[in-house]
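Chain and residue survey
This is what each chain is made of:
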Amino acid sequence: LGCSGSITKNIEVTIPPSAHFTFDVNNCANEAVVFTDASSSVNGYNVSWHWNFGDGNSQTVLFPATPVVNHIYSTTGSYNVTLTVTNSLGCNSTETQIVNITGLPEADFYTQGNCSGSDISFNDISTVSNPQAIVGWAWNFGDPTSGTNNLSNLQNPTHTYAGPGSYTITLIITTSNGCT
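A brief structural summary. (Residues numbered from 1 in each chain as written. Predicted model: local features only at pLDDT ≥ 70, side-chain atom pairs only at ≥ 80, totals over all residues. Heavy atoms only, no water.)

Below, the discussion takes up the pairing of strand β5 (residues 58-62). Two elements, strand β4 (residues 46-52) and β5, share five bridges in a ladder whose sense is antiparallel. Residue Trp49 lies in a different strand from β5, and its bridge partner there is Val61. (Pairing = 2+ DSSP bridges. Helix = DSSP H or I, 4+ residues; strand = E, 2+ residues; numbered from the N terminus.)

Set out below in structure tokens:
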């Protein structure tokens, strides 16, 4: 009895990595959202990035791959996106941000008139979900022989076709959130 033992060891406590990411603030349903890693690590280096997209999907990227990921949300709403970064010393850090997904606009139009050599009116009746607004129109009248008159950026333009025929008209609308 009276025996004892002791040991002394030094440990090094390190600073965990700092998780951070960026993404575009204007995002549309059914279009890829790009999440870019901006994390840092004072001690060691980052070896794992686990992305939880808030819609039941996740993705893990392992070093040496680039931790930039794309994700497509099929429905509108607000999603909590969480990035968990782990460094080479086994320390981790987490950041959560909210990504808002807006609905895609629906392009639509009707025409008035159908005689060659006369103005045909194209009337935009496109719809978009709030709080977006339509801010751009790109018309292609399917009439390349008309040169620069084949295109218009007006909401409700007119176009004159020189001859009879079947023409394919395209309308692309852009919303204030950048959805097309």
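Picking up after the structure, the text goes on.
Covalent bonding between the sulfur atoms of two cysteines defines a disulfide. Evaluation of the coordinates by the stated rule reveals one disulfide. The side chain of Cys28 participates in a disulfide bridge whose partner is Cys179; the two sulfur atoms lie 1.7 Å from each other. As the torsion about the S-S bond is roughly -105 degrees, the Cys28-Cys179 disulfide counts as left-handed. Placement of Cys28 in strand β2 (residues 27-28) and of Cys179 in the segment after β14 (170-175) is noted, with a sequence separation of 151 residues between them. Note on accessibility: Cys28 and Cys179 belong to one class, buried. (Disulfide = S-S within 2.5 Å. Buried < 20%, exposed > 50% of the residue type's maximum accessible area, 1.4 Å probe, protein only.)

Right, let's talk about the packing of aromatic side chains for a bit. Under the criterion given, the structure shown has 14 aromatic pairs. Seen from their ring centres, Phe109 and Trp139 are 5.1 Å apart, and the 70 degrees between their planes marks the pair as edge-to-face. With Phe109 in strand β9 (residues 109-112) and Trp139 in strand β11 (residues 134-140), this residue pair connects regions lying 30 residues apart in the sequence. The partly exposed category is assigned to Phe109, whose relative accessible area is 25%. By relative accessible area, which is 1% here, Trp139 ends up buried. Linked through ring pairs, Phe21, Phe23, Phe35, Trp51 and Phe53 together constitute an aromatic cluster. (Phe/Tyr/Trp six-rings, centres within 6.5 Å; stacked < 30°, edge-to-face > 60°.)

A word on the sheet that holds strand β3 (residues 32-37). Whenever strands of a sheet pair, they do so through backbone hydrogen bonds, lying parallel or antiparallel. The antiparallel open sheet is built from three strands, whose spatial order is β1-β3-β6. Looking along the sheet, the strands with just one partner apiece sit at the ends: β1 (21-22) and β6 (68-72).

With that out of the way, let us pick up the side chain of Thr82. Position of Thr82 relative to the elements: it lies in strand β7 (residues 77-87). Residue Thr82 is classed as buried on the basis of its relative accessible area, which comes to 18%. Side-chain polar atoms of Thr82 contact the side chain of Thr96, separated by 2.8 Å. In this structure Thr82 touches His50, Trp51, Asn52, Thr94, Glu95 and Thr96, once residues within four positions along its chain are discounted. (Polar contact = N/O pair within 3.5 Å; in protein donor to acceptor, adjacent residues only side chain to side chain. Contact = heavy atoms within 4.5 Å.)

Relative to strand β10 (residues 119-124), β9 is paired through four bridges, and the arrangement is antiparallel. In the sheet register, Gln112 faces β10, and the bridge partner there is Ser121. Connecting β9 to the next strand, β10, in antiparallel fashion are six residues, including Gly113 with a positive phi near 95 degrees. Looking at chain direction, β10 and strand β13 (residues 158-160) are connected through three bridges and run antiparallel. Note that in β13 the partner of Ile120 across the bridge is His159.

Formed by 18 residues in total, the largest nonpolar core has its most connected members in Phe35, Trp51, Tyr73 and Val99. The set of elements that each furnish at least two residues to this core consists of β3, β4, β7 and β8 (92-102). Sorting elements by how many residues they give to this core places β7 first, with four residues. With sequence-adjacent residues up to four places away left out, Tyr73 is seen in contact with Ala29, Asn30, Val33, Phe35, Phe53, Asp55, Tyr79, Val81, Val99 and Ile101. Among the nonpolar cores identified, the runner-up in size contains nine residues, and Phe122, Ile134, Phe141 and Leu171 belong to it. (Core = buried A, V, L, I, M, F, W, Y, C linked by side-chain atoms within 4.5 Å.)

Any link to function would need more than the numbers given here.
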